[in-house]
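Spelled out from the first residue to the last, the chains are:
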Number of protein chains: 2
Amino acid sequence: MRRDDRCVLALERALGASKVDDSDERRAQLSRDESETDCVLPRAVVIARESADVREALRVCEEHGVAVVPRGAGTGRTGGAAVVVDSIVLDTTALCDVKDIDRDDNIVIVEPGVVTGALHAAVEREGLFFPPDPQSAAWCTIGGNVAENAGGPRAHRYGVTRDYVLGMRAVTMSGAELTLGRRTPKGVTGYDLTSLMVGSEGTLAVFTELWLRVIPKPATVRTLLATFASITDAGRAVTAIVRKGIFARCIELLDSYCCDAIRDAAPSALPPNASVALLIEIDGDPEDCDARCERAGETLTNHGAIDVFAAQHEGERERLWSARSVLSRALRARARFKLSEDIVVPRSKLAAMLDDVRAIAEREQIAMPTYGHAGDGNLHVNLLWSDPSLRPAVDRAVRALFERTIAHGGTLSGEHGIGVLKRDWMHLEQSPAVLDAQRAIKRALDPRGLLNPHKVLPAPGHRGC
Amino acid sequence: MRRDDRCVLALERALGASKVDDSDERRAQLSRDESETDCVLPRAVVIARESADVREALRVCEEHGVAVVPRGAGTGRTGGAAVVVDSIVLDTTALCDVKDIDRDDNIVIVEPGVVTGALHAAVEREGLFFPPDPQSAAWCTIGGNVAENAGGPRAHRYGVTRDYVLGMRAVTMSGAELTLGRRTPKGVTGYDLTSLMVGSEGTLAVFTELWLRVIPKPATVRTLLATFASITDAGRAVTAIVRKGIFARCIELLDSYCCDAIRDAAPSALPPNASVALLIEIDGDPEDCDARCERAGETLTNHGAIDVFAAQHEGERERLWSARSVLSRALRARARFKLSEDIVVPRSKLAAMLDDVRAIAEREQIAMPTYGHAGDGNLHVNLLWSDPSLRPAVDRAVRALFERTIAHGGTLSGEHGIGVLKRDWMHLEQSPAVLDAQRAIKRALDPRGLLNPHKVLPAPGHRGC
């Protein structure tokens, strides 16, 4: 630290030196998330240990006109927690208390730094269930999940994080301490600021407490793996499953490139004949679950499945899911550079969108393995390349991908958010009037624009990439 | 009309005289909703016949600095559509086209004036289901439902209107035409302005098109009526049903005053021994539905039900529901004045809140029959009186009711909204900082405060009733 940094000195005075870390190591470590965003070093990191620390940190930074980047575990994929301008980083991971699990009202009160996987475990011990399950659940925080409105495979049946946030405590950059929402199943008292906060990517307020809805834990889960000769067949099978009202909790797609990569990384994870695969989970009461599994199996077979494999015990279930969990790493091993997109199209456009992805990959000669939450039309399209000179082709492929997505009535992001990386593509989906309305709301809650600046909203007048 | 009213003349010029009605009759008719709000006559009524009419009407009124009160069928209970200051009324009921029912993507595109019951019928003909079912479904409009975030009995399983609004087209008072949200199951592109609009009671924008999510229609519905000797027993049975994860779609409570009133109005609607009753519906696949019904029946019997009656055919089902549908009218017949409140408490506080209601009714000597969506802790507490001199006692009872609700961790409104009637109680539930944040958002989207003014938010500095 430059010892003349008034903001950092004031933070030390207000919070105590133990909560302000300006070591090069910590600054570098917390300057970035899991995206490829270009970052700068923050002035220092504030480690909030109680919720009052959040308020104090924001107050001091506001007074000094210094930007603040709040962060959880930094697992974001679009740069939401990346430091892109001169800032203080506000680390919320030490705010990690599960304050209450209310078995009578099915509500959980947590601090934002609780790791999502720990939350899952804590509520499941009580016979309850918190459905959102982002891939990074073992290390991401619930605060980050709320900020990004995270999803995951189980969103197909259970919805995304927003559907489980009843209320919260949060602090705005101008120091307002807001208690938002409610602890009741219903409530229409005033504007829904809770929903506005969910998915606002740390640009409107910093959460200090979250009130989450949980549901009874399903008694049984059954897992099916169906293999197909072509992705078109798999796409049609997805539509059929949804149409039949089978209410699977997950319908995950793996294309042939992904299946190959998985087999390389974990030879026994997939049957040898799996060219394209669907991983399907059905949960509920045992009898009901079995009946729906049977209907799902028939439907898959009638729609071109070569084979339908049902896990017979927990070990088999874990083996099937291991295919999915090794995937991201397996793809990364195949090339020097990897970009992971996160588009959504209406379910009926899934097959057409998958065709478009193949056409773009062929035209630009970039590998574009695709997997994701097919039941929701939410595809993780990956771009893999090793030769840096291919970057212009990658950029063209991304543009074409987004343009086709929008042409199909889709959206740029299903669960990763906008952050920095997709900000300058917002104009493809949203009109200047819609962007202006969001800027007006941002100004209403953060007039000086100091909270997580340059995220989500493109600069006014920016006409896109 | 005063023929020198420039705003009305400008509206006639912009929209054509046939869309502007300044007859005394129409002005009086559309000055109020179904609440007891004190109203004034609007200058004129604009009848929007296409979405461009909404834009034009707002533009002209903004130019003339005249307030606008948008309305659907006017079935609101809190004055959201009541005219309380010099205004133009913007009637959206003629915007009533069901534009698309998309069977592949389970999305329905409608104009705001579509009657909710007509929407139910239209989607059910296609094997689809739009769960929100406010009591006034036969005549309220979907636009009003979205503006108020309406609920209804089925909210217990399926959630409220907000959970089914994916996106919309809307026009702000400053003329911005906003296309918000998405047509896909997931999406996290920018701030969730769609959720902000839902429940904003016509104060932020006027809807011209709504994109609604629908689900496959459940194959079977079973209806149970359980009778109890005391409301405490019934309250405990509700908790037990929810805890068992039976996932009833409705759990409706009728207290003893309500049961008496129903028997007076429709002698055969309830069994003679029903002192307190729960009306429960379970839906799903036939076998699953039957299994859950059986578990529900056992649970009710084990928790003090005197009798559990299962409807054996559609006629019996309708008879059971007729008890619920005659209720509001039956209560009104019992007294000259009726005020209907709409509180929510955490489910675990239901029994305590019901005790509080009885204590308040006794103390103030006002009849306070209570019914409602017990599964959600959402109670419609009615106040009945005939002697106008009892008004101060009624006011004390309402204050005590709200204070106990908040003390139990509840909320002022579960589905009726705030409108005018509850606006000055907002401070009981929300801090000055939260109210200020909402005012800032209101100003961001409606800087001159012309769209449905004096609704939802109390005047700054107002310290409550």
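Everything numeric in this text was worked out from a predicted model, so none of it was measured. (Residues numbered from 1 in each chain as written. Chains lettered and ligands numbered in written order. Predicted model: local features only at pLDDT ≥ 70, side-chain atom pairs only at ≥ 80, totals over all residues. Heavy atoms only, no water.)

A. Just the domain arrangement of chain A, in detail. Residue and element names in this part refer to chain A. Here chain A is partitioned into domain 1 (6–91), domain 2 (98–216), domain 3 (220–328) and domain 4 (334–407). A C-alpha centroid distance of 31 Å is found between domain 2 and domain 4. Between domain 2 and domain 4 lies a buried interface of about 270 Å² when both sides are counted; carbon and sulfur atoms form 52% of it. Broken down residue by residue, the surface that domain 2 buries against domain 4 is led by Gly152, Pro153 and His156, which jointly contribute 91%. (Domains from an automatic or database assignment. Buried area = accessible area lost by both parts, 1.4 Å probe.)

B. The arrangement of the sheet that holds strand E2 (residues 44–47) of chain A in detail. All names here are of chain A. Ordered by their spatial adjacency, four strands build an open sheet running E1-E2-E4-E3, and the pairing between neighbours is mixed. Of all the strands in the sheet, just strand E1 (20–21) and strand E3 (67–71) have a single pairing partner and so form its edges. Pairing of E3 with strand E4 (residues 87–91), which is carried by five bridges, proceeds in the parallel orientation. Residue Arg71 lies in a different strand from E4, and its bridge partner there is Asp91. Each of E2, E3 and E4 is contacted by helix H3 (residues 51–64), which is oriented at about 175° to E4, the strand it contacts most. (Pairing = 2+ DSSP bridges. Helix = DSSP H or I, 4+ residues; strand = E, 2+ residues; numbered from the N terminus. Contact = heavy atoms within 4.5 Å. Axes fitted to C-alpha atoms, helices over the stretch in contact; angles between N-to-C directions.)

C. Just the packing of helix H8 (residues 231–243) of chain A against helix H12 (residues 350–364) of chain A, in detail. All names here are of chain A. Orientation of H8 relative to H12, taken along the N-to-C sense of each, is 155°, at an axis distance of 9 Å. When the axis of H8 is compared with that of H12, the two are roughly antiparallel. Read as a crossing pair, H8 and H12 show a hand that is right-handed. Within the contact between the two elements, H8 uses Ile231, Thr232 and Val238 and H12 uses Leu350, Leu354, Asp355 and Arg358. (Parallel < 35°, antiparallel > 145°, perpendicular 65-115°, else oblique. Left-handed = near helix turned anticlockwise from the far one by under 90°.)

D. The relation of the copies chain A and chain B, seen in detail. The transformation that overlays chain A on chain B combines an axial shift of 0.0 Å with a rotation of 180°, and the residual RMSD is 0.0 Å. Considering both components of the superposition, the chain copies are consistent with a two-fold axis. The share of interface residues of chain A whose copies in chain B are also at the interface is 100%, consistent with both copies meeting through the same surface. (Least-squares fit on C-alpha atoms with pLDDT ≥ 70 in both.)

E. A look at the packing of aromatic side chains. This structure, assessed with the given rule, holds eight aromatic pairs over all chains. When the centroid spacing of 5.3 Å and the interplanar angle of 70° are considered together, the rings of Phe402 of chain B and Trp425 of chain B count as edge-to-face. With a gap of 23 residues between them, Phe402 of chain B in helix H13 (residues 391–407) and Trp425 of chain B in the loop between H13 and helix H14 (426–429) connect regions that are remote in the sequence. Of the two residues, Phe402 of chain B and Trp425 of chain B, neither departs from the other in class, the shared state being buried. Across the ring face of Tyr257 of chain A, the terminal group of Arg334 of chain A is positioned such that the distance to the ring centre comes to 5.2 Å. (Phe/Tyr/Trp six-rings, centres within 6.5 Å; stacked < 30°, edge-to-face > 60°. Buried < 20%, exposed > 50% of the residue type's maximum accessible area, 1.4 Å probe, protein only. Lys NZ or Arg CZ within 6 Å of the ring centre and 35° of its normal.)

F. Highlighting the pairing of strand E8 (residues 165–171) of chain A. Residues and elements named next belong to chain A. Counting buried residues along E8, six of its seven residues qualify, which places the element largely inside the surrounding structure. As paired elements, E8 and strand E10 (residues 206–213) share six bridges and run antiparallel to each other. Residue pairing in the sheet places Arg169 in a bridge with Glu209 of E10. Between E8 and the antiparallel strand that follows it, strand E9 (residues 177–181), lie five residues; Gly175 among them carries a positive phi value of about 95°.

G. Here's a closer look at the interface of chain A and chain B. Taken together, the contact pairs 77 residues of chain A with 77 residues of chain B. Approximately 5,800 Å² of surface area, both sides summed, lies buried where chain A meets chain B, with 59% of it carried by carbon and sulfur atoms. Sorting the residues of chain A by area buried against chain B places Lys186, Val188 and Tyr191 of chain A first, and these three jointly supply 17% of that buried surface. Inspection of the chain A/chain B interface yields eight salt bridges. Notably, a salt bridge pairs Lys186 of chain A with Glu415 of chain B, separated by 2.7 Å at the nearest N-O pair. For the interface between chain A and chain B, the tally reads 26 residue pairs in polar contact (both at pLDDT 80 or more). Looking at the side of chain A that touches chain B, the element that brings in the most residues is helix H15 (residues 432–445) of chain A, giving nine residues. A per-class count over the side of chain A that touches chain B returns 29 nonpolar, 27 polar and 21 charged. (Salt bridge = Lys/Arg side-chain N within 4 Å of Asp/Glu carboxyl O. Polar contact = N/O pair within 3.5 Å; in protein donor to acceptor, adjacent residues only side chain to side chain. Nonpolar A, V, L, I, M, F, W, Y, C, P; charged D, E, K, R; others polar.)

H. Representation of the side chain of Thr184 of chain B within the structure. Looking at the element boundaries, Thr184 of chain B is found in the loop between strand E9 (177–181) and helix H7 (193–197). From its side chain, Thr184 of chain B meets the backbone oxygen of Lys186 of chain B in a polar contact 2.6 Å long. Contacts of Thr184 of chain B, omitting those with residues within four sequence positions, involve Val344, Val345, Pro346, Gly409, Gly410 and Thr411 of chain A together with Leu166 of chain B.

I. The packing of H8 of chain A against helix H10 (residues 286–302) of chain A, seen in detail. Residue and element names in this part refer to chain A. Here H8 crosses H10 at 145°, and the two axes come no closer than 9 Å. Crossing of H8 against H10: the hand is right-handed. Of H10, the residues touching H8 (which contributes Ala237, Ala240 and Ile241) are Ala296, Thr299 and Leu300. For the contact of H8 with H10, the class distribution of residues is five nonpolar, one polar and no charged.

J. Region of the structure containing the pairing of strand E5 (residues 98–102) of chain A. Pairing of E5 of chain A with strand E6 (residues 107–110) of chain A, which is carried by four bridges, proceeds in the antiparallel orientation. The partner of Asp102 of chain A across the bridge, within E6 of chain A, is Ile107 of chain A.

K. Fine view of the sheet that holds E9 of chain B. All names here are of chain B. Within the open sheet, the five strands sit side by side as E5-E6-E10-E8-E9. Their pairing is antiparallel. Pairing within the sheet leaves two strands with one partner each, and these edge strands are strand E5 (98–102) and E9. Neighbouring strand axes in the sheet, compared pairwise and without regard to direction, differ in orientation by 10° on average. Sheet analysis places strand E6 (residues 107–110) next to strand E10 (residues 206–213), joined by four bridges and oriented antiparallel. The partner of Ile107 across the bridge, within E10, is Arg213. Of the strands in this sheet, strand E8 (165–171), E9 and E10 are in contact with helix H3 (residues 51–64), which crosses E10 at around 140°.

L. Broad picture of the side chain of Lys19 of chain A. Residues and elements named next belong to chain A. By the secondary structure assignment, Lys19 is in the loop between helix H1 (6–15) and E1. At a separation of 3.0 Å, a polar atom in the side chain of Lys19 contacts the side chain of Asp53. The residues touching Lys19, leaving out its near neighbours within four places in the chain, are Val45, Val46, Ile47, Arg49, Glu50 and Asp53.

M. The arrangement of helix H1 (residues 6–15) of chain B in detail. Residue and element names in this part refer to chain B. When H1 is considered as a whole, its buried residues turn out to be Cys7, Val8, Ala10, Leu11, Glu12 and Leu15. Lining the buried residues of H1 we find strand E1 (20–21), strand E2 (44–47), H3 and strand E4 (87–91). Two to three positions downstream of the cap, the backbone nitrogen of Cys7 sits 3.1 Å from a side-chain oxygen, assigning the N-cap of H1 to Asp5.

N. Region of interest: the environment of Val46 of chain A. All names here are of chain A. Here Val46 lies in strand E2. Among the residues examined, Val46 registers a relative accessible area of 0% and is labelled buried. Once the C-alpha coordinates of Val46 and Pro70 are considered, the two residues, 24 residues apart in sequence, prove to be 9.4 Å apart. When near neighbours in sequence (up to four residues on either side) are disregarded, Val46 contacts Leu11, Leu15, Lys19, Ala57, Ile88, Val89, Leu90 and Asp91.

O. Representation of H15 of chain A within the structure. For H15 of chain A, spanning 14 residues, the distance from its first C-alpha to its last is 20 Å, which sits close to the expected 20 Å at 1.5 Å a residue. All of the buried residues along H15 of chain A are Val434, Leu435, Ala437, Gln438, Arg439, Ala440, Ile441, Lys442 and Leu445 of chain A. In this structure, the buried residues of H15 of chain A make contact with helix H7 (193–197) and helix H14 (426–429) of chain A together with E9, H7 and helix H15 (432–445) of chain B. (Expected span 1.5 Å × (residues − 1).)

P. Summary view of the pattern of salt bridges. Evaluated as defined, the whole model comprises 80 salt bridges over all chains. In this structure, a network of salt bridges that share partners links the residues Arg157, Arg249, Glu281, Asp283, Glu314 and Arg317 of chain A.

Q. Molecular detail of the nonpolar core. By size, the foremost hydrophobic cluster in this structure holds 78 residues, and its most contacted members are Met168 of chain A together with Met168 of chain B. Leaving out residues up to four positions away in the same chain, Met168 of chain B has contacts with Val146, Leu178, Thr179, Leu180, Thr194, Met197, Val198, Phe207, Glu209, Leu210 and Trp211 of chain B. (Core = buried A, V, L, I, M, F, W, Y, C linked by side-chain atoms within 4.5 Å.)

R. Main features of the confidence of the model for chain A. Chain-level statistics for chain A give a pLDDT mean of 94 and a share of 99% at 70 or above. Interface confidence in the predicted complex, given as ipTM, is 0.95; pTM for the same model is 0.96. (pLDDT = per-residue confidence, 0-100.)

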